[in-house]
Amino acid sequence: MKRLTASRAGLFTKCLYWLRDDVIWDEGARGAGAVRGSCVHRFVELYLSGIPGALALEKCLEGSELDQQDKEDVASMCVAWLNWMEKASHPLTEMLERHRTSKAGLVEPMYVWNPTTNDSKLWGCQQGRAYPEGWSVGGTADFVLIGEDIACIVDWKTVQPFADVPEAIDQLLLLALLVRKTNPKVKQFMIASVGIDKEKV
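This text gives an overview of the structure that appears in the document. Residue numbers here run from 1 along each chain, matching the order of that chain's written sequence. It should be noted that, the model being predicted, local features are given only for residues of pLDDT at least 70 and side-chain atom pairs only at 80 or more, the latter also being counted only at that level, while totals for whole chains, interfaces and linings use all residues. Computation of side-chain values covers all heavy atoms of the structure but excludes hydrogens and water.

So, helix α2 (residues 32–48)
The first and last C-alpha atoms of α2 sit 24 Å apart over 17 residues, in line with the 24 Å expected at 1.5 Å per residue. Only protein chains enter the accessibility calculation, which uses a 1.4 Å probe; a residue is then buried when its area is under 20% of its type maximum, exposed when over 50%, and partly exposed in between. To qualify as a helix, a DSSP run of H or I must reach at least 4 residues; to qualify as a strand, a run of E must reach at least 2; elements of each kind are numbered from the N terminus. Listing the buried residues of α2 in full gives G37, C39, V40, H41, F43, V44, E45, L46, Y47 and L48. We call two residues in contact when some of their heavy atoms are within 4.5 Å. Along its buried surface, α2 packs onto α3 (53–60), α4 (68–87), α5 (91–102), β2 (106–107), β6 (143–146) and β7 (150–157). Downstream of α2 by a residue or two, G50 has a phi angle that is positive, lying close to 110 degrees. In this scheme, a helix's expected span is set at 1.5 Å multiplied by one less than its residue total.

Some details on the packing of α2 against α4
At a minimum axis distance of 10 Å, the contact between α2 and α4 shows a crossing angle of 40 degrees. By the angle between their directions, the pair α2 and α4 is classed as oblique. Handedness of the α2/α4 crossing: right-handed. Contact with α2, carried on its side by A32, R36, C39, V40, F43, V44, Y47 and L48, involves D70, D73, V74, M77, C78, W81, L82 and M85 of α4 and no other residues of that element. Residues that form the contact of α2 with α4 fall into these classes: 13 nonpolar, no polar and three charged. All axes are obtained by fitting lines to C-alpha atoms, using only the stretch in contact for helices, and the reported angles, taken between N-to-C directions, cover 0 to 180 degrees. Should an angle lie under 35 degrees it is considered roughly parallel, over 145 roughly antiparallel, and from 65 to 115 roughly perpendicular; all remaining angles are considered oblique. Take the far helix as the reference: if the near one is turned anticlockwise from it by less than a right angle, the crossing is left-handed, and if turned clockwise, right-handed. Gly counts as polar in this scheme, as do all residues outside two lists: the nonpolar Ala, Val, Leu, Ile, Met, Phe, Trp, Tyr, Cys and Pro, and the charged Asp, Glu, Lys and Arg.

Examining the pattern of salt bridges
Within this document, salt bridges are pairs made up of a side-chain nitrogen of Lys or Arg and a carboxyl oxygen of Asp or Glu, the two lying within 4 Å of each other. In the structure shown here, the tally under the stated rule is four salt bridges. D73 serves as the salt-bridge partner of K198, at 3.6 Å between the closest nitrogen and oxygen. A residue pair is termed long-range when its members are at least 10 positions apart, and K198 in the segment after β8 (188–195) and D73 in helix α4 qualify at 125 residues. Residue classification places K198 among the partly exposed residues on the basis of a relative accessible area of 46%.

Written out as structure tokens, the structure reads:
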């Protein structure tokens, strides 16, 4: 069964052909940019779990096949993110720091939904992208914090981090729908697409 995931929400708004069961979707090999991005996402995940920055950087590069230059680029992006966390006076950084000390939010939460039955659930956190069978819509956010009636959803962008890409908003809007399905009390959303490169966030 083909599944609509949040990362393909932008494509979904433009073309439905790829969702046909008889269409084979060949995404090809992951490029170096995507691998670098995965390492940076892993670094943020580790840091928010309470692991110190230097150790989180070491762990996020374990097992990667990146060359030395790519590893240096990952390190620069991680340092830029740390500097942003430490120096930026912003509600988002305050929220992330609060999570780091109190585990108030969810890192890499996976949501699934079956529109036919309207069943939905939070499947778990830090599950990778191995979506369970039987759910035709799913999405994994980078970070979610749910308050009394408001939720914040964050997506880290490392490939073309500061490009004005409408697909990034489509992705966040589908994630907001999935969060709302599992948390009916939520009435408002703050969504943030946060670009990370070697010099700034």
